[in-house]
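# Examination of the molecular architecture
If you want the building blocks of each chain, they are given just below.
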Amino acid sequence: MSDRELKAQLAEVFRQLVRKMVTDWSNQVSRTCSMTQFHILKKLALEGPKKVSELAQSLDITPGAITVRSDKLIEEGYARRYRDEQDRRVVYLEITEKGSERFQRIEEQRDRMIELMFDGFSDDELRREIAVFKRILHNLQHKGEE
């Protein structure tokens, strides 16, 4: 098999893996909370209130996307939005008690899903996979800019 064919096969397997993870997240972990919404709740739970712009930057999505995804969290009572007292243009999000409880439940489900995904892998195998994915990420982040 040629280098090109191997890379294409790897890209296809990776696509299938990502698709399966997203599907399993939706079916098993949370039907009402997307992965992005979970990551918003996680940031807020672990780091406290955040500016929408800070959340967007840390999650590598646009402030508009944060707003769209946080609207449902707010509607469900998992988060609240408020403006800075000194600068009304600055908008913050914070997790509510109900959101903290929801985050904990989803995190437990996510942990079970991760355990299932990596069942049977040795620590060395996991370390090698981490290194591979970091290298792919680095290539996408830096070599794509050239």
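## Side note on helix α2 (residues 35-47)
Here α2 is 13 residues long and its end C-alpha atoms lie 18 Å apart, about the 18 Å a rise of 1.5 Å per residue gives. Those residues of α2 not exposed but buried are Q37, F38, I40, L41 and L44. Looking straight down α2, one finds its buried side chains confined to an arc of 160°; they lie on one side.

## Examining the packing of α2 against helix α5 (residues 97-117)
Where α2 meets α5, the closest approach of the two axes is 10 Å, and the angle between their N-to-C directions is 120°. Read as a crossing pair, α2 and α5 show a hand that is left-handed. Between α2, through F38, L41, K42 and A45, and α5, the contact on the second element is made entirely by G99, F103, I106, E107 and R110. Of the residues in the contact of α2 with α5, the class split is five nonpolar, one polar and three charged.

## A closer look at the packing of aromatic side chains
Per the stated rule, a full pass over the model turns up four aromatic pairs. When the ring of F14 is compared with that of F133, the centres are 5.7 Å apart and the planes differ by 40°; the resulting orientation is tilted. On the criterion of sequence distance, the pair formed by F14 in helix α1 (residues 3-29) and F133 in helix α6 (residues 123-142) is long-range, its members being 119 residues apart.

## Concerning the pairing of strand β3 (residues 91-95)
Among the five residues in β3, five count as buried, and that is most of the element. By the alternation rule, side chains of β3 split into V91, L93 and I95 and Y92 and E94, which are all buried. Examined bridge by bridge, strand β2 (residues 79-83) and β3 share five bridges and lie antiparallel to one another. From the neighbouring strand, Y82 faces β3, where its bridge partner is Y92.

How each quantity is defined
- Residues numbered from 1 in each chain as written.
- Predicted model: local features only at pLDDT ≥ 70, side-chain atom pairs only at ≥ 80, totals over all residues.
- Heavy atoms only, no water.
- Helix = DSSP H or I, 4+ residues; strand = E, 2+ residues; numbered from the N terminus.
- Expected span 1.5 Å × (residues − 1).
- Buried < 20%, exposed > 50% of the residue type's maximum accessible area, 1.4 Å probe, protein only.
- Arc of directions from axis to C-beta.
- Axes fitted to C-alpha atoms, helices over the stretch in contact; angles between N-to-C directions.
- Left-handed = near helix turned anticlockwise from the far one by under 90°.
- Contact = heavy atoms within 4.5 Å.
- Nonpolar A, V, L, I, M, F, W, Y, C, P; charged D, E, K, R; others polar.
- Phe/Tyr/Trp six-rings, centres within 6.5 Å; stacked < 30°, edge-to-face > 60°.
- Pairing = 2+ DSSP bridges.

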